[in-house]
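A closer look at the structure
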There are 2 protein chains.
Amino acid sequence: MTNNNEQAIDELKKIVKQKGLKYTEQREIVLKILLHAHAHLTAEEIYNQIKLEEPESNIGIATVYRALGFLEEVNLITSIVFGNDGKKYESNAKEHHDHLICTSCGKIVEFVDDEIEKRQDKIASKNKFKITSHSMQLYGLCSNCQ
Amino acid sequence: MTNNNEQAIDELKKIVKQKGLKYTEQREIVLKILLHAHAHLTAEEIYNQIKLEEPESNIGIATVYRALGFLEEVNLITSIVFGNDGKKYESNAKEHHDHLICTSCGKIVEFVDDEIEKRQDKIASKNKFKITSHSMQLYGLCSNCQ
DNA sequence: ATGGCTGCAAATGTTTTGCAGCAAG
DNA sequence: CTTGCTGCAAAACATTTGCAGCCAT
């Protein structure tokens, strides 16, 4: 896991260099927060966490949004939307997975199902789509909330 | 299809009565727009369409939002988020389906795969979730945009 | 040194809310 | 009548943008 995280940072460095852009502490911090996060975070939550954990950085919320936009564009992170507090982000360093979401308490269970992944590819090629990503959420009530 | 639509309107009447609420023209108009829509509409698009098709109704955008919230809550419509123009709504009177979305031109193909539906139920019960709905989007490039 | 990146504040776009009047039950 | 619903305008959010200065390269 730590290993995956270092890989992600290296990947960021590579992408930035390759695009002729600049490597800034801010983009790295945002990515690191997501690499260590145990939940899906909103831009605001990431911003607050940075102010808490790296108070000397004096980052602005706009920069967080710009970093998130950039990181998502280069596919290092992913966003999903559910509930009422805007986009939530997670790192792509974790294995790919989908989500079971409890609509009552907000609990999220991550899962992967190879069979579903295969069918998705089949459906895409049948429709002549070239898939870049997908997002699947099952909504319902978890055992505690039923 | 027309049949399904009438059913949906009846369903709305039933729900409203059962909840001791009031049956208003506005909620009906919003539902009807979605029943006849051939695409996923935003609140604003629905609002504009109403002003066009029922100019005498003098509906306000806030009412459209309130109607959409209500209709989604009672499960007559569904919202999905993609692209940059907020939530998009569609009626649930159509058969259940998932979406293939072209990230370049916005084209949407709807599909259903029984095998996937079955696996989803299996995953849910394995995790002791009681599923109420799900949402699945495959993102990529359609044949024209590759 | 040069051009991308940042922080700040202002602007934008979307959705929600307070309120007084209206209308369905 | 009573209470939910509506339209309007203002407010609340979430996200984006313009700009002057800063900092990687």
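Residues numbered from 1 in each chain as written. Chains lettered and ligands numbered in written order. Predicted model: local features only at pLDDT ≥ 70, side-chain atom pairs only at ≥ 80, totals over all residues. Heavy atoms only, no water.

Now for the protein's contact with DNA strand C. With respect to spatial proximity, 19 residues lie near DNA strand C, and among them A:Lys22, A:Arg27, A:Ile59, A:Thr63 and B:Tyr65 are the closest. Atoms of DNA strand C within 4 Å of the protein belong to the sugar or the phosphate in 64% of instances, the rest to bases. Between DNA strand C and the protein, one listed contact pairs a sugar or linking oxygen with a side-chain N or O atom of A:Gln26 at 3.0 Å. Here a phosphate oxygen of DNA strand C sits 2.4 Å away from a polar atom, N or O, in the side chain of B:Tyr65. Considered class by class, the residues forming the surface near DNA strand C number six nonpolar, seven polar and six charged. (Near = heavy atom within 4 Å. Polar contact = N/O pair within 3.5 Å; in protein donor to acceptor, adjacent residues only side chain to side chain. Nonpolar A, V, L, I, M, F, W, Y, C, P; charged D, E, K, R; others polar.)

Residues and elements named next belong to chain A. Once the domains are mapped, chain A shows domain 1 (3-91) and domain 2 (98-140). On a C-alpha basis, the centroid separation for the pair domain 1 and domain 2 is 23 Å. Contacts between the two partners involve five residues from domain 1, matched on the other side by six residues from domain 2. Summed over both partners, the interface of domain 1 with domain 2 comes to about 450 Å²; 66% of that surface belongs to carbon and sulfur atoms. Among the residues domain 1 hides against domain 2, the three largest losses belong to His 40, Ile 80 and Phe 82. Together they make up 76% of the total. Scanning the region where domain 1 abuts domain 2 turns up zero salt bridges. (Domains from an automatic or database assignment. Contact = heavy atoms within 4.5 Å. Buried area = accessible area lost by both parts, 1.4 Å probe. Salt bridge = Lys/Arg side-chain N within 4 Å of Asp/Glu carboxyl O.)

The next point concerns the sheet that holds strand β2 (residues 77-81) of chain A. All names here are of chain A. The strand order β1-β3-β2 describes an open sheet built from three strands, whose pairing is antiparallel. Each edge of the open sheet carries a strand with a single partner, namely β1 (41-42) and β2. Where β2 and strand β3 (residues 87-91) come together, five bridges link them in antiparallel fashion. Note on β3: the bridge partner recorded for Ile 80 is Lys 88. Against the sheet, helix α2 (residues 25-36) contacts β1, β2 and β3, and its axis sits at roughly 80° relative to β3. (Pairing = 2+ DSSP bridges. Helix = DSSP H or I, 4+ residues; strand = E, 2+ residues; numbered from the N terminus. Axes fitted to C-alpha atoms, helices over the stretch in contact; angles between N-to-C directions.)

Moving on to empty space enclosed by the protein. Residues and elements named next belong to chain B. For the coordinates displayed, the defined rule picks out one cavity of 30 Å³ or more. If you add up the space inside the largest cavity, you get close to 40 Å³. Taken together, Leu 34, Ala 37, Ala 39, Tyr 89, Glu 90, Ser 91 and Lys 94 form the lining of the largest cavity. Per-element tally for the lining of the largest cavity: the top contributor is strand β2 (residues 87-91), with three residues. A per-class count over the lining of the largest cavity returns four nonpolar, one polar and two charged. (1 Å grid on protein atoms, 1.4 Å probe; cavity = no way out; pocket = protein on both sides within 12 Å on 5 of 7 lines; lining within 4 Å. Points joined across faces, edges and corners; volume = space filled by probe spheres on them.)

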